[in-house]
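# Summary of the model geometry
So you can see what is in the structure, the chains are spelled out below.
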Amino acid sequence: MAARRQKAGTVSSSLEATSDSTSHVDVDLTKKLSQPDKSVWCPRPYTIFKLLLSARFCSAFLSNISDCDETFNYWEPMHFLMFGSGFQTWEYSPKYAIRSYAYLLLHTVPGKLQIQVFEANKVAVLATAAGSLIGWPFSAVLGVPIAWDIIVRQRKIMYFIQLCLISLIVFLGPLVYIDSFFYGKTVIAPLGIVLYNVFGKGGPSLYGVEPWSFYFLNGFLNFNIVFPMALLALPACVIPSSVLPIWLSLMGMYIWILIFFTRPHKEERFLFPIYPFFCLFGAVTLTNSQKLFHGLFFSGSRHHYSASSTWFAVSASVVFSVLSLSRSSALYYGYHAPMDLFIELNHMSSKLEEPLPQGKQINLCVGKEWYRFPSSFFLPSERWHLQFIRSEFRGQLPKPYADGRNATKIIPTYMNDMNEEEPSRYMSISKCDFLVDLETERETELEPNFVKRTKDWEVVLQKPFLDAERSHRLFRAFYIPFVSYRFTKYSNYVLLRSLRKTSAKAKKGRDRKPVVKEEDATV
């Protein structure tokens, strides 16, 4: 009995000693894991946040409006919701109703508030639903890998169906309610735009086609070395993952590329939904390149793989940053003239209005430059109205909304969904008070050089605008200080004032006889 107790005591003390040594090992291991490897550098999250926020501010102040659809399908209807005036495209006609007002309200409400004040899977599915229903329905393609993960890998079919039903109730319900209110009839805008683009008579091809190289060229111009790095991210799937197959995480971008790169109608904005993927998957390729380099040349090292290849990441980041800054500078210096001109127009509008009758509507006309109009937010006041004059463009131009709160419910006249020209959009140039135009060497009957017509027009304001046809392709795409100006040519983006009306007013003043009082006549 005593022997048993002694043995038990020995075993107990042995276990305690083992437990103590194990706890010490765990504590030491925890300390080692909690201590960062000083050979590895990584910016703090707050630093990254400040860098991203700075980039967004710079983009807001310096970026151009890259597509007229941004102006006339979003900014203009939003201007109408906020101020009661703006241009309406056929997509917002109740007859077709393929655009959603719900998306505009997401931006209109904060805008109105500003005016008043200053004068994981569940999340992924819901986010995909919100983007596709409220934003652009084609973005639902990016949710295919998420659906595959839930249905095929996890075999949670009912769970996926429940999330879809919740998404329809949470997002589609309010969307249908809002759009039906604005259009005056029951409207499912996401379904309408899909039916038009997939099963419509002409579909998006009515608005032009581009070669297969279009997206590859634009991808490199906007992301330079990161774009090909992103395209090469798929080989990373050979690396095993116990959580989620890497190939599944990458498939969203490749599915999008497969669908949209093969469509005849191509626009740069169609790549916007996968721009974040370019950044993320470019980083994936960079990370795996660093791992490969470390494995080949420093396989015996105990340090983190980035300790031996930080120079590689830094070099890639520097090249990307320099090329991106060069590209952004080229876009700003070359194509920012329309924004600059309209901003300065606001500053000098009071002087421009002085010769004109008080309270008279001021017609600001555009011809071939209609698609560079930044939006009605840039017009100086309610007196100023944008008007279209004839040019060589033969498509359909937008039309101002009707007056009144129920304008969104009124089916506008002379609108079609085939991009056919509507002559009713044009105003006679004789009624124009001002004209915005780009001075070019190429002239036609409908697109003359108005600057040369000095009897009818005078230049009020001009800004330099890149002449792409007469400039070197490389130096018009990337700005190099002290070098680019030698290989690029610029034209003038001008604001012209009509001399017909001012001269007619002056002549009327000269012809008007002075009023003679009776007492003066009797002298």
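Our structure is the block above this text.
Residues numbered from 1 in each chain as written. Predicted model: local features only at pLDDT ≥ 70, side-chain atom pairs only at ≥ 80, totals over all residues. Heavy atoms only, no water.

### Examining the packing of helix α11 (residues 246–260) against helix α12 (residues 275–297)
For the pair α11 and α12, interaxial distance at closest approach is 10 Å and the crossing angle is 140°. If you check the angle between α11 and α12, you find them oblique. The handedness of the crossing between α11 and α12 comes out as left-handed. Across from S249, L250, G252 and M253 in α11, the residues of α12 making contact are F277, F278 and F281. Among the residues forming the contact of α11 with α12, the class breakdown is five nonpolar, two polar and no charged. (Axes fitted to C-alpha atoms, helices over the stretch in contact; angles between N-to-C directions. Helix = DSSP H or I, 4+ residues; strand = E, 2+ residues; numbered from the N terminus. Parallel < 35°, antiparallel > 145°, perpendicular 65-115°, else oblique. Left-handed = near helix turned anticlockwise from the far one by under 90°. Contact = heavy atoms within 4.5 Å. Nonpolar A, V, L, I, M, F, W, Y, C, P; charged D, E, K, R; others polar.)

### Digging into helix α13 (residues 305–335)
Between its terminal C-alpha atoms α13 stretches 43 Å, which fits the 45 Å expected from 31 residues at 1.5 Å a residue. Along α13, the largest kink reaches about 40° and is centred on W311. Every buried residue of α13 is listed here: S306, S308, S309, A313, A316, S324, S326, R327, S329, A330 and G334. Where the residues of α13 are buried, they touch α9 (214–223), α12, β6 (457–466), α15 (473–477) and β7 (490–498). (Expected span 1.5 Å × (residues − 1). Bend = angle between axes of the 7 residues up to and from the residue. Buried < 20%, exposed > 50% of the residue type's maximum accessible area, 1.4 Å probe, protein only.)

### Re the pattern of salt bridges
Per the stated rule, a full pass over the model turns up 18 salt bridges. Two residues, K368 and D437, come together in a salt bridge whose shortest N-O distance is 2.8 Å. Remark: D437 occurs in strand β5 (residues 434–439) and K368 occurs in the loop between β2 (362–366) and β3 (384–388); sequence separation between them is 69 residues. Take K368 and D437: they sit in the same class, and that class is buried. (Salt bridge = Lys/Arg side-chain N within 4 Å of Asp/Glu carboxyl O.)

### Regarding the sheet that holds β2
Ordered in space as β3-β2-β5-β7-β6, the five strands form an open sheet in which the pairing is mixed. A single partner strand is all that each edge strand has here, and the edge strands are β3 and β6. Strand after strand, the sheet turns through a mean of 25° between neighbouring axes, direction not considered. Across three bridges, the pairing between β2 and β5 is parallel. Across the sheet, the residue bridging to L364 is F434, located in β5. Most of the contacts of α13 go to β6, to which it runs at about 165°, and overall it touches β6 and β7. (Pairing = 2+ DSSP bridges.)

### A closer look at the pairing of β2
Most of β2 sits out of view: five of its five residues are buried. Every second residue of β2 is oriented toward a common face, with I362, L364 and V366 on one face and N363 and C365 on the other, all of them buried. Two strands pair when backbone bridges link them, and β2 and β3 are joined in this way by five bridges, in the parallel orientation. Paired with V366 across the two strands is F388, which belongs to β3.

### Regarding the packing of α12 against α13
The description of two packed helices rests on the angle between their axes and on the distance between the axes. Relative to each other, α12 and α13 sit at 135°, their axes nearing to 9 Å. The orientation of α12 relative to α13 falls into the category oblique. When you trace α12 past α13, the crossing you get is right-handed. From α12, L286, T287, S289, Q290, K291, F293 and H294 reach across to α13, where they touch Y305, S306, S308, S309, T310, W311, F312, A313 and A316. Across the contact of α12 with α13, the residue classes tally to seven nonpolar, eight polar and one charged.

### Some thoughts on the side chain of T285
Within the secondary structure, T285 is located in helix α12. The exposure class of T285 is buried, given its relative accessible area of 13%. Non-local contacts of T285, meaning those with residues more than four positions away in its chain, are made with M229, L232 and A233.

### Concerning the nonpolar core
If you look at the biggest cluster of nonpolar residues, it comprises 28 residues, and the most contacted ones within it are F342, L364, W384, F388, F434, V436 and L495. By residue number, the principal contributor to this core is helix α14 (residues 337–353), which donates six residues. Excluding its chain neighbours within four sequence positions, the residues that come into contact with F342 are L364, F373, P374, F378, L379 and V436. Formed by 22 residues, the second largest nonpolar core is a distinct cluster that contains V141, L142, F227 and I257. (Core = buried A, V, L, I, M, F, W, Y, C linked by side-chain atoms within 4.5 Å.)

### What to know about the packing of aromatic side chains
Taken as a whole and judged by the stated rule, the model has 40 aromatic pairs. Both rings, one in F216 and one in F261, keep their centres 5.2 Å apart while their planes meet at 90°; by these two values the pair is edge-to-face. Pair noted here: F216 is in helix α9 and F261 is in the loop between α11 and α12, with a separation of 45 residues, a long-range link. Residue F216 is classed as partly exposed on the basis of its relative accessible area, which comes to 35%. Taken together, W212, F214, Y215, F216, F223, F227, F261, F272, Y275 and F278 form an aromatic cluster joined through their ring pairs. We note K156 situated over the ring of Y159; from NZ or CZ to the ring centre the distance is 5.6 Å. (Phe/Tyr/Trp six-rings, centres within 6.5 Å; stacked < 30°, edge-to-face > 60°. Lys NZ or Arg CZ within 6 Å of the ring centre and 35° of its normal.)

### Looking at a nonpolar patch on the surface
A cluster of nonpolar side chains, W148, I151, V152, I157, M158, I161, L165, L168, L234 and W247, forms an exposed patch at the surface whose accessible area comes to about 870 Å². Elements represented by at least two residues in the nonpolar patch include exactly α6 (144–153) and α7 (157–183). Looking at the secondary structure, you find L165 in helix α7. (Patch = residues over 30% accessible without salt bridge, like charges linked within 9 Å, V, L, I, M, F, W, Y side chains within 5 Å. Areas by Shrake-Rupley, 256 points an atom, 1.4 Å probe, with all protein chains shown as cover.)

### A few points about the state of the cysteines
Scanning the model with the defined rule gives one disulfide in all. The disulfide that involves C365 links it to C432, with 2.0 Å between the sulfurs. One quick way to see it: the torsion about the S-S bond of C365 and C432 is about -95°, and its sign makes the bridge left-handed. Residue C365 is found in strand β2, and its partner C432 is found in the loop between β4 (399–400) and β5; the two are separated by 67 residues along the sequence. (Disulfide = S-S within 2.5 Å.)

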